[in-house]
Amino acid sequence: MWQPIAAREKRRAGLPVKFLAGLGALDALKSSSRGFKVFSRSIEPKIYGRVGNLEVRLARTWSEIKLAQRLRYQVFYEEMSATPSRLAQFRRRDEDAYDAICDHLLVVDLDQTKPARSGRPERPKVVGTYRILRQEVAERGPGFYSASEYEISALLNAKSRTHRFMELGRSCVLAPYRSKRSVELLWHGLWTYVRENHIDVMIGCASFEGIDLKEHDVALSYLHHHALAPKEWRCRARDELYVPMDRVPAGSIDMKAALRAMPPLIKAYLRLGAYVGDGAVIDRQFGTTDVMIIMPVANIDPRYFEHYGTPAETKSRIAADA
C-alpha cells in the first residue's frame, strides 16, 4: 500500500515538508538495494512532434535536463517571484533531487539549436518544459512531489489497483514563445506520453502567481464551488498548510471575473475535465498559491481527440513522419 512521505519520515520531524520530499528523492537515489536507477538509465530519443521550427521530445541527457533547469530558473526566479537559494542563484538553475528520477518533456527551437561539432554534443535551445513522474517510479522511494502539499495517500490507495497515476510539474515556457503553437506542442507531447505509458490519471500542483489571497479570492472560490473533486477523487491540503478556497459565496461570484483571474494553465486543465483538491497552499519559496489538479483521463472532453488523437492511438498526430 502507498505510504505518504510524512509517515516514512517521522524521524525527521520538524524539518520543512518540502525538504523532506527532497530527502526522500535523495534516499531513493542512494539506495542501490532497491534496484533504483538514477538518470544514467538509457533514455530512448523519443521525438513526439514538430511544427515549423519547434520540436517536442523527451530530454535524452543530463545536459539537456540542465537546460530545462536553466529555463525554469529564468521563468520562476527572474521573471516571477520565486526566491532562489544561494546555490540556485550561483548555478542559475531551478533544481532538486526529483529531477534525476523524472522524465523531462522539452520544446526545442530547432533554428536556435547549436549542432554537434568537434566532439561536442548538440546544444538544443529549450523553450518549454514539463516534468513528469510516473507512479511506479515514485513508489520506489521518494513518493510524489505533490505529497509535500496534499494528502494524496488515500486517493492513491483507493485507485491504484485500477488506475495508473502520473504527476506533472515545473511547467513553463520562455516568454517569447508563449503562443498557442508552443502550448499545443507540449500538450501533444504529454498526451502521447500518457497513451504510451497507459496512464489513467494525471495529478500535480498548479499555481496562481502571488501569495496575497485577496487577489485570488474570486478565482479560488470559483474552483471550490464549480470544480471541486467529487469525494472519490478528492484529496485535501495538508492540515498545517490548508487555506480555505470557499472565500466568496457561490451566488456572489462574478463568473467572467473569476475566469479572467484564472491562470491559463489552470483554465486549460478545467476545459479538459480536471478537478481540484480541497484547499489551497501558499508556497512562499516560489511566491505562489497552489491548488491540486486531479485529471482522470476518462474525463477528457472527447472533442479534444479530434486534434490531439484518440486514446487508442499510440502516435502523435504531429510526429515528424506522420
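Residues numbered from 1 in each chain as written. Predicted model: local features only at pLDDT ≥ 70, side-chain atom pairs only at ≥ 80, totals over all residues. Heavy atoms only, no water.

Asker: Would you mind going over the packing of aromatic side chains with me for this structure?
Answerer: Remark: the centre distance and the inter-plane angle together describe each pair of aromatic rings, the angle taken between the planes. In the structure shown here, the tally under the stated rule is six aromatic pairs. Ring centres of Trp-187 and Tyr-269 lie 5.8 Å apart, and the angle between their planes is 80°; on these two criteria the pair is classed as edge-to-face. With Trp-187 in helix H7 (residues 180-196) and Tyr-269 in helix H10 (residues 264-272), this pair connects stretches of sequence that are 82 residues apart. Exposure class is identical for Trp-187 and Tyr-269. Each is buried. Put simply, the rings of Tyr-73, Phe-76, Tyr-77 and Phe-286 pair up and form one aromatic cluster. Lying over the aromatic face of Trp-233, Lys-159 brings its terminal NZ or CZ to 4.3 Å of the ring centre. Over the face of the ring belonging to Tyr-242 we find Arg-236, whose NZ or CZ atom lies 3.9 Å from the ring centre. (Phe/Tyr/Trp six-rings, centres within 6.5 Å; stacked < 30°, edge-to-face > 60°. Helix = DSSP H or I, 4+ residues; strand = E, 2+ residues; numbered from the N terminus. Buried < 20%, exposed > 50% of the residue type's maximum accessible area, 1.4 Å probe, protein only. Lys NZ or Arg CZ within 6 Å of the ring centre and 35° of its normal.)

Asker: I keep staring at the pattern of salt bridges and nothing clicks. Help me out?
Answerer: Side-chain pairing between opposite charges can occur once the charged atoms of the two side chains come close. Under the definition given, this model contains 26 salt bridges. When the shortest N-O distance is used, the salt bridge between Glu-64 and Arg-60 registers 3.3 Å. Assessed through its relative accessible area of 5%, Glu-64 is described here as buried. A salt bridge links Asp-239 to Arg-236, with the nearest nitrogen and oxygen atoms 2.8 Å apart. The exposure class assigned to Asp-239 is exposed, which follows from its relative accessible area of 63%. (Salt bridge = Lys/Arg side-chain N within 4 Å of Asp/Glu carboxyl O.)

Asker: Before we go on, may I ask you to explain the environment of Leu-185 in this structure?
Answerer: Here Leu-185 shows up in helix H7. Between the C-alpha atom of Leu-185 and that of Gly-128, which follows or precedes it by 57 residues, the distance is 9.3 Å. Residues within four places of Leu-185 in sequence aside, it is in contact with Gly-49, Arg-50, Val-51, Leu-54, Glu-55, Val-56, Val-107 and Ile-318. (Contact = heavy atoms within 4.5 Å.)

Asker: Help me out: how do you make sense of the nonpolar core in this one?
Answerer: Most often, soluble globular proteins keep nonpolar side chains buried together rather than apart. Counting 70 residues, the largest nonpolar core has Leu-105, Met-166, Leu-223, Tyr-269 and Val-291 as its most contacted members. A per-element tally of this core places helix H3 (residues 62-79) first, with eight residues. Ignoring any residue separated from it by four or fewer positions in sequence, one finds Leu-105 in contact with Tyr-48, Val-56, Arg-57, Leu-58, Gly-128, Thr-129, Tyr-130, Ile-132, Leu-186, Gly-189 and Leu-190. Membership of the second largest hydrophobic core comes to 24 residues, among which are Ile-152, Leu-156, Val-201 and Tyr-275. (Core = buried A, V, L, I, M, F, W, Y, C linked by side-chain atoms within 4.5 Å.)

Asker: Just checking my understanding: could you explain H10 for this structure?
Answerer: An α-helical turn contains 3.6 residues, so any two residues separated by three or four positions project in the same direction. Residues Ile-266, Ala-268, Tyr-269, Leu-270 and Leu-272 constitute the buried set of H10. In this structure, the buried side of H10 is in contact with strand S4 (123-134), strand S6 (165-173), H7, strand S7 (201-209), helix H8 (213-227) and strand S11 (288-296). Just past H10, the residue Gly-273 takes up positive phi, approximately 115°.

Asker: What exactly am I supposed to notice about a positive patch on the surface here?
Answerer: Among the surface-exposed residues, Arg-70, Lys-114, Arg-117, Arg-120 and Arg-123 lie close enough to one another that they form a single positively charged patch. Within the fold, Arg-70 resides in helix H3. Accessibility expressed as a relative area gives 36% for Arg-70, which makes it partly exposed. (Patch = residues over 30% accessible without salt bridge, like charges linked within 9 Å, V, L, I, M, F, W, Y side chains within 5 Å. Areas by Shrake-Rupley, 256 points an atom, 1.4 Å probe, with all protein chains shown as cover. Lys, Arg positive; Asp, Glu negative; His and termini not counted. Charge placed at Lys NZ, Arg CZ, Asp CG, Glu CD.)

Asker: Whenever I open this one, the side chain of Thr-192 confuses me. Can you help?
Answerer: Inspection of the secondary structure puts Thr-192 in helix H7. Thr-192 sits in the buried class, given a relative accessible area of 2%. Every residue in contact with Thr-192, bar those within four places of it in the chain, is listed here: Tyr-48, Thr-314, Lys-315 and Ser-316.

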